[in-house]
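Chains, contacts and geometry: an overview
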Amino acid sequence: MSSNLLRTMSEKVWDEHVARAVPGEPDLLYIDLHLVHEVTSPQAFEGLRAAGRTVRRPDLTLATEDHNVPTVDADGPIADPVSRAQVQALRDNCAEFGVPLYSLGDVEQGIVHVVGPQLGLTQPGMTVVCGDSHTSTHGAFGALAFGIGTSEVEHVLATQTLPQARPKTMAVTVEGALPDDVTAKDLVLALIAEVGTAAGQGYVVEYRGAAIEALSMEGRMTICNMSIEWGAKAGLVAPDETTFAYLRGRPHAPAGADWDAAVGHWRALATDVGAVFDREVRIDASTLSPFVTWGTNPGHGVPLSAYVPTAESFPEGPARQGAERALTYMGLSAGTPMREIAVDTVFVGSCTNGRMEDLRAAAAVIGGHRVSSAVRMLVVPGSTRVRLQAEAEGLDKVFTSAGAEWRGAGCSMCLGMNPDQLAPGERSASTSNRNFEGRQGEGGRTHLVSPVVAAATAITGRLSSPADLPPVATGA
Amino acid sequence: MDAFTVHIGTALPLRRSNVDTDQIIPAVYLKRITRTGFEDGLFAAWRNDPEFVLNRPEFDGVTVLVAGPDFGTGSSREHAVWALQDYGFKAVISSRFGDIFRANAGQAGLLAVTVDGDVVNRLWQLVEDNPAVEIVVDLPKSHVRCGDLVADFDIDDYTRWRLLEGLDDIDITLDREAYISTYEENRPSFKPATRLF
């Protein structure tokens, strides 16, 4: 398209994947990696079968079991017959069409967006799709990664391409440094509260600036993961030494001469100096503090030190009506300090915050404390590898000796598709990505938080940050 | 996919914004492996309330949904589109849609019509005043009509063409297979494969 002009990173990645471009039609975009799970794929495979088609590139396709699987007794058959049938359908489909699959019990099984990066399959400059909106997670590596529906899953299985209209570009520049106890999760919740849940629609977003560069790959994944929560098609971070150090030596990362060729290519992906974004947003990281949600969409966020807002503080019209509904659904009164909100459940996990760094951060806060007797705390590793690594580091013992439940890998209570659900009226502090009505179980109430706020909240029983905790006795 | 040209039907006024796909169909209803039968899950939590608009007898048989802004945000589940279709909806009118929902609707043949918020307000009023009033969704003319109201809507040319012709995207792409093969011949060798050899 504009190959001789200054380009942003996402435009470079896009241009590299256009298999066919005709004015007035969507570009035909080649897909480097197609991730598949049990919930959004059965009808796609059925469509292939009905049309007598095959999977064009099973070698660029990978399936795992994550959304509906139980996180206890993973070795036995799945108790729920409907869930079991859906998982069995994935196994049958992968066998029939030759798609590699990591099943329950396999060391590589886990949440699809945790598995891709930890295998080194997610690499800079790639196009990555999955029938899951949090595919944006993979953008942390400088990949163009976005969620698709089941019809598009079938399209990619059959053709390894997708017709796609070229999106607009946006830069979110985060200057300064995050204060202590303020994490990538707080940053992205603050961003969404600032710009609103629809601000990203039609855009691919590049997160940049000193605060983003200072983040680990895990932190970048948390930010990119929640791009969809403000409507963005995808979110990317430019690959740098942090990215290369994470990838080097992973099972699917390039090796030898390929590694050098790849790194040379990856370095050239950065947005050209002087390239123009269609929209720019700026945030000063140094002004941020722990952030939590009070309402029923991820834009309903406030600092933990703040209060439940009044509906009248929202503009008249849909936003105010939505806030009124949210206050009622959440059972909250305007003016209540966020720190006074008591929870029944704490969930640490999900593709947003279920990686090693997240578990280490939560364990560091929990260590030496007890989970409140009024709280059930679930810790659900994002993948089996994460579970095994955490156990090797003794984190499982830190959690269980504090009174938390240590589980097997999966999506779990993030979406309440397996038995890990809130009961009606129950309230959670959750490290996941969505506080929608009923997301974690019908009638359940969700407050989105960072892993360290989740851990502190589990101890006090009320929304809290580590700074609110009493000191741990020495020798603990 | 069936072609979509002009649809005429009664409408459901859903005065809610940010109706995410978890509201349209909660995750526990996503375990079916068939392509049909999702109508039970449509707005499942809200339908427990006898006063919910979809439970009211005057809205039996509706085929057009008129919803507040940011309809279909959140999860990529195409089941949200299927649940609406399985219930009998042919078109959804809103001032703004989640991108993935809109793409899924275009794939499955549910027309997602984007109009100004003002038009949504007027349609709500017209339908609430007279639930029997019919809304005309006219894709060839790219407008909706209801009583005296005529409002143009935007839809990208490609989706419009596919819906009008009832074309299968995969057939279109497979006709262009030569482009895909050419592209594959030039992919860099360092790109990963999902199997280790």
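As shown above, the structure is provided for reference.
Residues numbered from 1 in each chain as written. Chains lettered and ligands numbered in written order. Predicted model: local features only at pLDDT ≥ 70, side-chain atom pairs only at ≥ 80, totals over all residues. Heavy atoms only, no water.

1. A word on the overall build of chain A
Formally: By the criteria applied, helices consist of DSSP H or I runs no shorter than four residues and strands consist of E runs no shorter than two, each listed in order from the N terminus. Our radius of gyration looks at C-alpha atoms and nothing else; its globule reference is 2.2 Å times the residue count to the power 0.38. Accessible area is worked out with a 1.4 Å probe on protein chains only. A residue is then buried under 20% of its type maximum, exposed over 50%, and partly exposed in between. Contact definition: two residues touch when any of their heavy atoms are within 4.5 Å. With residues, only the protein chains shown are counted as cover, and all accessible areas are computed by Shrake-Rupley using a 1.4 Å probe. By the counting rule applied here, Lys and Arg register as positive and Asp and Glu as negative, while His and the ends of each chain are not counted. To locate a charge, take NZ of a lysine, CZ of an arginine, CG of an aspartate or CD of a glutamate.
Each helix and strand counted, chain A has 16 helices and 19 strands in total. Here the C-alpha radius of gyration of chain A, 22 Å, is about what a compact globule of 476 residues would show, namely 23 Å. With the C-alpha coordinates aligned to their principal axes, the bounding extent of chain A is approximately 60 × 55 × 50 Å. For chain A, with 476 residues in total, the buried portion stands at 64%. Here the contacts in chain A between residues at least 6 apart in sequence split such that 76% fall between residues at least 24 apart. As presented, chain A carries roughly 15,300 Å² of accessible surface, and 51% of it is formed by carbon and sulfur atoms. Averaging the positions of the 36 positive and the 54 negative side-chain charges in chain A gives two centres separated by 1 Å.

2. Re the nonpolar core
What counts, and what does not: Each nonpolar core is a collection of buried residues, namely Ala, Val, Leu, Ile, Met, Phe, Trp, Tyr and Cys, held together in the definition by side-chain atoms within 4.5 Å.
Ranked by internal contacts, the top residues of the largest apolar core, which has 110 residues, are F43, F71 and L84 of chain B. Those residues in contact with F43 of chain B, other than ones at most four positions away along the chain, are L14, V19, Q23, I24, F52, L54, L65, F71 and L84 of chain B.

3. Considerations on the interface of chain B and chain A
Which entries qualify depends on this criterion: By buried area we mean how much accessible surface two parts lose on assembly, using a 1.4 Å probe and totalling the loss over both. Put simply, a salt bridge is a Lys or Arg side-chain nitrogen that is within 4 Å of an Asp or Glu carboxyl oxygen. Identification of polar contacts relies on pairs of N or O atoms within 3.5 Å, with a donor-acceptor requirement for protein atoms, meaning one able to donate a hydrogen and the other able to accept it, and with residues adjacent in sequence counted only if both atoms are side-chain atoms. Residues are grouped as follows: Ala, Val, Leu, Ile, Met, Phe, Trp, Tyr, Cys and Pro are nonpolar; Asp, Glu, Lys and Arg are charged; every other residue, Gly included, is polar.
With 59 residues of chain B at the interface, the matching set in chain A holds 77 residues. Regarding the contact of chain B and chain A, the summed buried area is about 5,600 Å², with carbon and sulfur atoms giving 54% of it. Interface area lost by chain B to chain A is led by K31, F190 and T194 of chain B, which between them contribute 15%. Put simply, chain B and chain A have nine salt bridges between them. Counting across the interface, chain B meets chain A through 39 residue pairs in polar contact (both at pLDDT 80 or more). No other element matches helix 8 (residues 177-185) of chain B, which puts six residues into the side of chain B that touches chain A. In terms of residue class, the side of chain B that touches chain A is built from 22 nonpolar, 17 polar and 20 charged.

4. Some words on the packing of aromatic side chains
Convention followed: Ring pairs are drawn from Phe, Tyr and Trp, using the six-membered ring of Trp, whenever the two centres fall within 6.5 Å, and their geometry is named by plane angle: stacked under 30 degrees, edge-to-face over 60, tilted for the rest. Counted as over-ring charges are cases with an Arg CZ or a Lys NZ within 6 Å of the ring centre that also lie within 35 degrees of the ring normal.
The final tally for this structure, using the stated rule, is 16 aromatic pairs over all chains. Between F71 of chain B and F101 of chain B the ring centres are 5.3 Å apart and the planes differ by 85°, which places this aromatic pair in the edge-to-face class. Remark: F101 of chain B occurs in helix 4 (residues 99-108) and F71 of chain B occurs in the loop between strand 2 (64-67) and helix 3 (79-87); sequence separation between them is 30 residues. You'll find F71 of chain B and F101 of chain B in the same group, each marked buried. For the ring pair Y158 of chain B and W161 of chain B, a centre distance of 5.8 Å and an interplane angle of 50° mean the geometry is tilted. Residue Y158 of chain B and its partner W161 of chain B are located together in helix 6 (residues 157-165), separated by three residues, close to a single helical turn. Grouping aromatic residues by their ring pairs yields a cluster made of F244, W259 and W266 of chain A. Sitting over the ring of Y179 of chain B, R20 of chain A keeps its end group 5.5 Å from the ring centre.

5. Description of helix 13 (residues 356-366) of chain A
Three or more residues of helix 13 of chain A are buried, namely M356, D358, L359, A362, A363, V365 and I366 of chain A. Of the residues one or two after helix 13 of chain A, G368 of chain A is the one with positive phi, at around 90°.

6. Quick notes on the environment of G235 of chain A
All names here are of chain A. In this structure, G235 sits in strand 11 (residues 234-237). For G235, a relative accessible area of 0% gives the class buried. The spatial distance from the C-alpha of G235 to the C-alpha of Q389 is 28 Å, given a sequence separation of 154 residues. Each residue touching G235, except ones within four places of it in the same chain, is listed here: S136, G139, A140, V205, Y207, C224 and S227.

7. Overview of the side chain of T431 of chain A
Tracing the sequence through the fold places T431 of chain A in the loop between strand 18 (427-430) and strand 19 (445-448). Excluding anything up to four places from it in sequence, T431 of chain A contacts K185, F347, V348, G349, S350, T352, N353, V449, S450, P451 and A454 of chain A.

8. Examining the sheet that holds strand 2 (residues 27-30) of chain A
Sheet strands pair by backbone hydrogen bonding; their relative direction is either parallel or antiparallel. Residue and element names in this part refer to chain A. Under the convention used in this document: Strand pairing is assigned whenever DSSP detects at least two bridges linking the two strands. In this description, a line fitted to the C-alpha atoms serves as the axis of each element, helices being fitted only across the stretch in contact, and the angle between N-to-C directions of two axes falls anywhere from 0 to 180 degrees.
Reading across the sheet, the three strands line up as 1-2-8 and stay open at both edges, with antiparallel pairing between neighbours. Whereas interior strands pair on both sides, the edge strands pair on one side only; in this sheet they are strand 1 (18-20) and strand 8 (161-164). Going from strand to strand, the sheet's axes swing by 40° on average, the running direction of each strand aside. As paired strands, strand 2 and strand 8 are joined by four bridges and run antiparallel to one another.

9. Section: the packing of helix 6 (residues 184-195) of chain A against helix 8 (residues 217-225) of chain A
Residue and element names in this part refer to chain A. Definition in use: For classification purposes, an angle smaller than 35 degrees is called roughly parallel, one larger than 145 roughly antiparallel, one from 65 to 115 roughly perpendicular, and anything else oblique. With the far helix as reference, a near helix turned anticlockwise by less than a right angle produces a left-handed crossing, and one turned clockwise produces a right-handed crossing.
Following both chains from N to C, one finds helix 6 and helix 8 inclined at 25°, their axes separated by 8 Å at the closest point. Classed by the angle they form, the pair helix 6 and helix 8 counts as roughly parallel. Every pair of crossing elements has a handedness; the one defined by helix 6 and helix 8 is right-handed. In this structure, helix 6 contributes A184, K185, L187 and V188 to the contact, and helix 8 contributes G219, T222 and I223. Classifying every residue of the contact of helix 6 with helix 8 gives four nonpolar, two polar and one charged.

10. Considerations on the state of the cysteines
Each disulfide consists of one covalent bond between the sulfur atoms belonging to two cysteines. Residues and elements named next belong to chain A. Applied cut-off: When the sulfur atoms of two cysteines come within 2.5 Å, that pair is taken as a disulfide.
Applying the stated criterion across every chain yields a total of zero disulfides over all chains. Looking at the unpaired C224, the closest cysteine sulfur is the one in C351, lying at 12 Å. The class of C224 is buried, set by a relative accessible area of 0%. C414 forms no disulfide, and the closest cysteine sulfur to it belongs to C351, at a distance of 5.9 Å.

11. Examining the side chain of Q160 of chain A
Residues and elements named next belong to chain A. Tracing the backbone shows Q160 in the loop between helix 5 (150-159) and strand 8. Look at Q160 and you get buried, because its relative accessible area is 0%. A polar contact is formed between the side chain of Q160 and the backbone oxygen of I31, at a distance of 2.7 Å. If sequence neighbours within four positions are ignored, Q160 has contacts with L29, Y30, I31, D32, R56, R57, L60, T61 and H155.

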